[in-house]
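Next come the chains, spelled out residue by residue.
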Amino acid sequence: MEGRGTHGCHDENPWGKPETNKSAKFSRKLSEKFEKTKHAASAGMKKVKRGTKIGIYWLKLKYKLSKKNKN
């Protein structure tokens, strides 16, 4: 199954231009950097979600305490 992609298609350049080693190397490096960026963004979003969850919990707790003290 050489030359086949994940969907059973040939890994051919659709524009008909043969890929040079230089462009393939650049493409691979760019892909690696994109993966690193995705991982960093994912980690950042997890931190934001966790902080938001903690902040909302804190606000609810303060609201309940203020309502309890008024009665």
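My aim in this report is to walk through the structure given alongside it, one point at a time. (Residues numbered from 1 in each chain as written. Predicted model: local features only at pLDDT ≥ 70, side-chain atom pairs only at ≥ 80, totals over all residues. Heavy atoms only, no water.)

### Comments concerning the overall build of the protein
Looking only at helices and strands, the protein has 1 helix and 0 strands in total. Total accessible area on the protein is roughly 7500 Å²; 60% of this is exposed by carbon and sulfur atoms. (Helix = DSSP H or I, 4+ residues; strand = E, 2+ residues; numbered from the N terminus. Areas by Shrake-Rupley, 256 points an atom, 1.4 Å probe, with all protein chains shown as cover.)

### What to know about the pattern of salt bridges
Scanning all chains against the criterion turns up 1 salt bridge. The residue Lys38 makes a salt bridge to Glu35 at a minimum N-O spacing of 3.2 Å. Within this pair, Lys38 and its partner Glu35 are both found in helix 1 (residues 21-70), separated by 3 residues, close to a single helical turn. The exposure class assigned to Glu35 is partly exposed, which follows from its relative accessible area of 34%. (Salt bridge = Lys/Arg side-chain N within 4 Å of Asp/Glu carboxyl O. Buried < 20%, exposed > 50% of the residue type's maximum accessible area, 1.4 Å probe, protein only.)

### Points about a nonpolar patch on the surface
Among the surface-exposed residues, Tyr57, Leu61 and Leu65 lie close enough to one another that they form a single nonpolar patch of about 310 Å² accessible area. Here Tyr57 shows up in helix 1. (Patch = residues over 30% accessible without salt bridge, like charges linked within 9 Å, V, L, I, M, F, W, Y side chains within 5 Å.)

### Observations regarding a positive patch on the surface
A cluster of basic residues, Lys25, Arg28, Lys29, Lys33 and Lys36, forms a positive patch at the surface. When you line up the elements, Lys36 lands in helix 1. (Lys, Arg positive; Asp, Glu negative; His and termini not counted. Charge placed at Lys NZ, Arg CZ, Asp CG, Glu CD.)

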